[in-house]
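Each chain, written out:
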Amino acid sequence: MPRLNSHRELEHLREQIREQRENITTTIMLCGGPGCQASQSQTVVEAFREELSQQGLDSSVRLRVTGCQGFCEQGPVMVIEPGNIFYCKVSPEDAFEIVHQTVIKGELIERLLYEDPVSGERVKTESEVPFYRAQNQQILSQNRLVDPLSIEDYIAAGGYSALVRALNGVSPESIIGEIKASGLRGRGGGGFPTGRKWAECSEAPGDEKYVICNADEGDPGAYMDRAVLEGNPHLVLEGMMIGARAVGAQKGYIYVRNEYPLAVKHSRIAVDQARELGLLGDNILGSSFSFDVAIARGGGAFVCGESTALMASIEGKVGEPRAKDVHTVVDGLFHKPTVLNNVETWANVPSIISNGSSSFASIGTESSKGTKILALTGRIKNTGLVEVPMGTSIREVVFDIGGGGINGNSIKAVQTGGPSGGCLPVEKFDLPLDFDVLSEAGSMIGSGGMVVMDEASCMVDVAKYFLTFLQDESCGNCLPCRVGIDRMLEMITDITEGRGTPGQLDLLAELGETISETALCGLGKTAPNPVLSTLRYFRSEYEAHINENKCPAGVCKALITYSIDPDRCNGCGVCLKGCVYQAITGEKKQPHVIDVQLCQKCGICRSECKFDAIQVV
Amino acid sequence: MSPLAIDQILDGRRSQPDQLIEVLHDVQEKDGYIPEEAMQAVSQGLGVPIMEVYRVASFYKAFRLKPAGKNVLTICMGTACHVRGARLLLDQATGQLGIELGDVTPDGLFSIERVNCLGTCALGPIVTENETYHHHVTPGKLRKLIDTIGGQQPEETQHAQTQ
Amino acid sequence: MQQYVNVNIDGAIIRAIRGTSVLDTAIEYGICIPHLCHVPGLTDIGACRLCIVEHVVNGRSKVTTSCTLNVEEGMVILTSTDKIRKLRHNLAELLVAQAPNSRAIQDIAVRCGVTSVRYPFRNADCVLCGRCVRTCTEIWKARAIGFVGRGKDRHVDYPFGIQPEFCKQCNNCIQICPMTITPCNGPMKPGEEYLCGQCESQLIVADETPGSCVWCELGEGFACGRYA
Ligand SMILES: Cc1cc2nc3c(=O)[nH]c(=O)nc-3n(C[C@H](O)[C@H](O)[C@H](O)COP(=O)(O)O)c2cc1C
Ligand code: SF4
Ligand code: SF4
Ligand code: FES
Ligand code: FES
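All figures in this text were calculated on a predicted structure; none of them were measured in a lab.

1. Some points on the pairing of strand β1 (residues 4–9) of chain C
Residues and elements named next belong to chain C.
Working step 1: Here β1 pairs with strand β2 (residues 12–17) via 6 bridges, running antiparallel. Its bridge partner lying in β2, I9 is registered against A12.
Working step 2: Alignment of β1 against strand β5 (residues 75–78), held across 3 bridges, turns out to be parallel. Across the sheet, N8 pairs through a bridge with V76, a residue of β5.

Below you can see the structure in the form of C-alpha cells.
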C-alpha cells in the first residue's frame, strides 16, 4: 500500500476499503483468541475456509478471525452478522452445517446455541447471553470488528481518525486537557490519573521523550492486556501515537511478555503495517509529528511490570527497580522523561479523543470513570473476559455474569489485584469496583484479575501461594522484600504444617507492615497484602490450622489424610493406576486402600475417582 | 551455536547494549538454550561486560542456561490454574517422570518447567507440551499425554496385557 | 562550583552540598543514621533499608531511604521518630537473624535496639549488601563479581561461577565485606547462634542523646561514613 501523506488520503483509503466490501453480505466472526485457540479454533477456521470456497462464497461471506471475544469457557465461539447469532463450542465438523443452514438459508442450528443454565433455554443472539447482557463492552466489543492482522479492518471500522484529530484538530495541551477531563486513571494497577502523568511529562525539560506501553501483564490469572493487544493492536498503537503527540515523544516501546507469542507477533505486524502506511515514521500524515515504535520482549519477570524495572529491562539490563525519588516522567527510559501506561489505558485514549471526554466520564463512579476489563477465573461457572462499568458491584460480576460457583459449591471469596491485591470475603461483594473503595477494603482493582475461591479453597494456602510466587519474583535487592517475604513464608508454612503458634499471627501482621513501609518498590510494598487481607477476613481459618491442627478446606497436606470409603469404592482401579507414588493397593472389584505411609497427599486419586469414594479428613 | 549463527543474530545490533535481552531471546529461539560461548560472543558483539550478560541471563526466567528435553512440559502455576489444581499436575509430572521441576529426564526426552500464566486462565489448568496447549488438564489426561509422547502404550493396555 | 541548599534534619537547619544524599549530609553533620549497604563514594542501591527516614512533604510523611534521597532546598527530614525506630528495629532483627556470625551485623542490631530475635537464626554467609560488587565494579572497574539470579536465588558470583582471568585479585571485595568481621567471641557454631549484645554499654551514650553520632566503634570495621 502506498504511504499516506495527508489525512485526506487516509479518508480516501477508508472509503476505498469500505467500497470494496460493499458486496459482503455475511460476516462470520470466529474467535481466534488464546482461549479458543487452545480449544482448536484453528482447525475450525480451516474447515470454514474450505467449505466457503467450495460453495463459492469467498467474496460474499467474510470469515474474520478475531481476537478474544471474552467467553473463553464456551470456546470456540463465533458471531454471525447480520442477526448477531451466537454459536459456541463449535467444532470443525460443524462448519459444513453452519455454512449450509445458517449462512445460506438463514436458519439457526439449535444445538450450537448457548443454553442459559438458569432457564435451560437456548439463546439466539449474543446480546441475550446472560454473560454478555450485564456487560458494557467499550473496548472488547471492538475486538469483533477487526482481524488483528488487518490494518484495513481497523481503518474501515473508523480507526486512526482520533489520530487525525490529534494532529489537526487539537493542540497537545488540549489533548492532555481532554484526558484529564475524562477522569481516565491507569488500568495497570495503581490507578494514577493519566492526564496528570502526561502533563508532568510534557512539562519536564528535554526534547527527547518516550512513551511506553506496559504489556508485561505479570499478574498470574489475568489476561485482559493480552486480549486487547493481541486482538486489536492498532487501537493500542493509535493511543500511543496520541500520547506521544501530547507529551512530545519521538519514540515508543511496547514491552510485551514473551509468554504471549501471539501478542508479540501481532504487535510487530501492526507496527510494520502502520509504518508502511506512514502512520509511524517521519512526518506522519504530512504533519510535523514524527514517531516510531519498537517492540521489546520481556523475560519472564513479574517485577519488570514495575515502571523502573521495566525501563531497565528495555535498556537491556537486569530488571531491578530503583528508588523513585525522581519520577519517571522526568527521569525515565534512558534517563529521559517517559510516560508509561498500561495496554488498557492506551486503548481507552482514541475514543476519548474521538468522542470527547464527557462520554467517557459519563460511565463509572465519582472517582473511577469508564469501564474496566476483568479476567474472571477460578472456581466459577462462566470464566472469561468481562468488561463492566466502574462501580459495578463484585456480586454482579461474580453471580450475574460469572453464574456462581462450579459444581454447586458456595463461593467464599474473590481475589482481586493479583499478588499485590487481596482477598475479599463474600460479605464484601456489594462493594463497587472503584479504585479507592477496594483499596480501603484491603484489596485493589489492580490490573483486573478476579480469581474466585470457593469452600474447597484454603485461604491460608492461597496466602502461601502468593508468598511463594513473590519470593521467586522479588528481584532480591532489598532486605525487607527478600528476607521479609521469606520469613513470612516460613511462618505460614509452619501454620500449614501444624507447627504454627498463635503468636505468629501478630508477628505476621507486624512484619507485613514493616515490609509495606520499607521495601524499595511496589512489589515489596504490596507483597504482604494477600497475607494481611486474609488475616483480616479469614482469621478463623488461620486459627483452625493453629489451634485445632485442621485445614477446614482440606487442602493443607500435613493436616489431612486420604482414605477410601469402602462402601463407595467399587474397585475400578482407576486410583491405583493414577497414584504416581504406588500408595494404593487392592484387587479388582474389591475396595482399595491407601497406604498412609506411602501417600504423598497429592490428591490425584481423588480427582480421578468417579465414585467420590476418596475422602479427606 | 556456530559463530556464523551468532553473527547473523548480532547483525545490525553490534555495540548496542540495549539490545542484550532481544539478542538473548533470539539465541535461545535458535538453540533452545543459551550456551556459555554464545554469551561470550554476545558480550563481545554488543560491548556488554560478560558479568552483565551472565547476570541478565540468570535473572530472567525465560532464559535457559542448559539444554531442555526434547519435549518440554510447561505447567502453568498461575493463580487461576492453581485454584483449579495445577499442583496435582506438577505432582503427576514429577512423580511419573521421576525428575524434579526444571530437570531433564536422563534419556533427554522430557523436561518439566513452570510458567506463571499463559493467558488462557479461563480454561485452566493449562499444560503446554512444546508449543501445543492442553486445557482443563487432569492428572489422568496428563498421564496419558506423557505416556503417548514417551512412546509407551497407555497403561490401560499394558495392564490388560500383563493380566 | 558547589551549590548549597538548606535542609532541616531533626530540627537542625543544615547547609548541605547540592547533589549529596541526605544520609551523607546527616553523617557529616554528626547525626547517626544506621546503615549497612552505603559505602562512601559508591553508588547507593538502597538494599539494606536501615537508613530509612521520614521525609515530610506538605505535612505528610513518607518513609524512604536516606542514602537514595538527595538533599533539596527546604526539605524536612526526621531520622529517629518512634515509627522509624520501630521499623528500623524490625529490619535489623531480620538482618541479624539472617547472619548473626558477623560483628558488624551484631553491632548494627544492638544499635537499632534489637535485644531478642523472633525468628529462627540462619547462618547465611552473605547479606547481599552489594558492597563487594560495587567496589569491584565502580572502584576497580573489573566487573569480576556481580549479583546473579533473582529473588531467593540471588547471590554474589563470578561469571559462570569461575574466577575470571580479568579479576584483579585486589581482595577489596573481602575487605569491605561486613561478614568477614567475626564476632568478638569468635565464630558461632551452626545451630548455636545468639545475639551477643556486648556493645550495649557503648550505646548508653547514644541512648541519652538519641540519634546523635557518638563516634562509636561500631562503624569502624565496616566503614561507616564517619570513618571513611
Ligand atoms: C511489581 C509490579 C508489577 C506490575 N506489573 C504491571 C503489569 O504487569 N502491567 C501493567 O500495566 N502495570 C504493572 N504495574 C504497574 C506499573 O508499574 C505502572 O504503574 C503502570 O504500568 C502505569 O500505567 P497506568 O498508569 O496506565 O496503569 C506493576 C507494578 C508493580 C509494582
Ligand atoms: S521491594 Fe523486592 S522487588 Fe522491589 S526492589 Fe526490593 S527486593 Fe526488589
Ligand atoms: S559478600 Fe559481603 S560485601 Fe558482598 S554482598 Fe555479601 S555481605 Fe555484602
Ligand atoms: S493462570 Fe494458568 S493460564 Fe493464567
Ligand atoms: S544504607 Fe541506605 S539502604 Fe542501606
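2. What about the nonpolar core?
Working step 1: Within the largest apolar cluster, 101 residues are counted, with the highest numbers of intra-cluster contacts made by L508, V531 and Y542 of chain A together with L36 of chain C.
Working step 2: If you tally residues by element for this core, the top one is helix α20 (residues 479–496) of chain A, at 9 residues.
Working step 3: I155, L167, A246 and V349 of chain A belong to the second largest nonpolar core, which has 78 residues in total.

3. Describing the interface of chain B and chain A
Often, the extent of an interface is quoted as the loss of accessible area on bringing the components together.
Working step 1: Taken together, the contacts link 48 residues of chain B with 63 residues of chain A.
Working step 2: Here chain B and chain A share an interface that buries about 4,400 Å² over both sides, 53% of which is from carbon and sulfur atoms.
Working step 3: At the boundary of chain B with chain A, the tally comes to 8 salt bridges.
Working step 4: A salt bridge links R297 of chain A to E22 of chain B; the shortest N-O distance between them is 3.1 Å.
Working step 5: Remark: the boundary between chain B and chain A carries 23 residue pairs in polar contact (both at pLDDT 80 or more).
Working step 6: For the side of chain B that touches chain A, the secondary structure elements donating two or more residues are α2 (20–31), α4 (50–59), α5 (79–82), α6 (86–97), β2 (110–115), α7 (139–149) and α8 (155–162) of chain B.

4. A few points about the interface of chain C and chain B
Working step 1: With 14 residues of chain C at the interface, the matching set in chain B holds 12 residues.
Working step 2: When chain C packs against chain B, close to 1,200 Å² is buried across both sides, 69% of that on carbon and sulfur atoms.
Working step 3: Counting across the chain C and chain B interface gives 0 salt bridges.
Working step 4: Applying the counting rule to chain C against chain B returns 3 residue pairs in polar contact (both at pLDDT 80 or more).
Working step 5: Sorting elements by how many residues they give to the side of chain C that touches chain B places strand β6 (residues 146–148) of chain C first, with 3 residues.
Working step 6: Class assignment of the residues belonging to the side of chain C that touches chain B gives a composition of 8 nonpolar, 3 polar and 3 charged.

5. A closer look at the site of ligand 1
All names here are of chain A.
Working step 1: Surrounding ligand 1, one finds 18 residues, the nearest of these being G188, K197, N341, N342 and T345.
Working step 2: Measuring from an oxygen atom of ligand 1, one finds a side-chain N or O atom of N214 at 2.9 Å.
Working step 3: For ligand 1, whose unbound accessible area comes to 600 Å², protein coverage reaches 87%.
Working step 4: Residue assignment for the shell around ligand 1 shows that the elements contributing at least two residues are β10 (338–342) and α22 (522–526).
Working step 5: Residue contributions to the shell around ligand 1 peak at 3 residues, all from β10.
Working step 6: Partitioning the shell around ligand 1 into residue classes produces 3 nonpolar, 10 polar and 5 charged.

6. Observations concerning unusual backbone geometry
Working step 1: Here the bond from G75 of chain A into P76 of chain A is cis, since omega is -10°, no more than 30 degrees from zero.
Working step 2: Within the element layout of this structure, P76 of chain A appears in the loop between β2 (61–66) and β3 (78–81).
Working step 3: The backbone of Q40 of chain A shows a phi angle near 65°, a positive value even though the residue is not glycine.
Working step 4: For Q40 of chain A, a relative accessible area of 45% translates into the label partly exposed.
Working step 5: One non-glycine residue, S15 of chain B, adopts positive backbone phi at about 55°.
Working step 6: We classify S15 of chain B as exposed; its relative accessible area is 58%.

7. With respect to the side chain of E126 of chain A
Residue and element names in this part refer to chain A.
Working step 1: Locating E126 in the fold gives a position in the loop between β6 (122–123) and α5 (130–133).
Working step 2: Under the relative-accessibility criterion, E126 is labelled buried at 8%.
Working step 3: A polar atom in the side chain of E126 sits 2.6 Å from the side chain of R144.
Working step 4: With sequence-adjacent residues up to four places away left out, E126 is seen in contact with V79, N84, F86, Y132 and R144.

8. Some thoughts on the side chain of N342 of chain A
All names here are of chain A.
Working step 1: Tracing the chain through its elements places N342 in strand β10.
Working step 2: Judged by its relative accessible area of 7%, N342 is buried.
Working step 3: A polar atom in the side chain of N342 sits 2.8 Å from the side chain of D225.
Working step 4: Among residues more than four places away in sequence, those in contact with N342 are R187, G188, N214 and D225.

9. Quick word on the pattern of salt bridges
Working step 1: One pass over the structure, following the stated rule, counts 48 salt bridges over all chains.
Working step 2: Across the pair R114 of chain B and D472 of chain A runs a salt bridge, and its minimum N-O distance is 3.9 Å. Pair noted here: R114 of chain B is in strand β2 and D472 of chain A is in helix α19 (residues 459–473), and the two residues belong to different chains.
Working step 3: On the accessibility criterion, R114 of chain B (33% relative accessible area) is partly exposed.
Working step 4: Judged by its relative accessible area of 15%, D472 of chain A is buried.
Working step 5: Between R64 of chain B and E113 of chain B there is a salt bridge, with its nearest N and O atoms 2.7 Å apart. Note that R64 of chain B is positioned in the loop between α4 and β1 (71–76) and E113 of chain B in strand β2, a separation of 49 residues in sequence.
Working step 6: One salt-bridge network, in which partners are shared between bridges, spans R268 and R297 of chain A together with R13, E22, D26 and E29 of chain B.

The rules behind the values
- Residues numbered from 1 in each chain as written.
- Chains lettered and ligands numbered in written order.
- Predicted model: local features only at pLDDT ≥ 70, side-chain atom pairs only at ≥ 80, totals over all residues.
- Heavy atoms only, no water.
- Pairing = 2+ DSSP bridges.
- Helix = DSSP H or I, 4+ residues; strand = E, 2+ residues; numbered from the N terminus.
- Core = buried A, V, L, I, M, F, W, Y, C linked by side-chain atoms within 4.5 Å.
- Buried < 20%, exposed > 50% of the residue type's maximum accessible area, 1.4 Å probe, protein only.
- Contact = heavy atoms within 4.5 Å.
- Buried area = accessible area lost by both parts, 1.4 Å probe.
- Salt bridge = Lys/Arg side-chain N within 4 Å of Asp/Glu carboxyl O.
- Polar contact = N/O pair within 3.5 Å; in protein donor to acceptor, adjacent residues only side chain to side chain.
- Nonpolar A, V, L, I, M, F, W, Y, C, P; charged D, E, K, R; others polar.
- Near = heavy atom within 4 Å.
- Areas by Shrake-Rupley, 256 points an atom, 1.4 Å probe, with all protein chains shown as cover.

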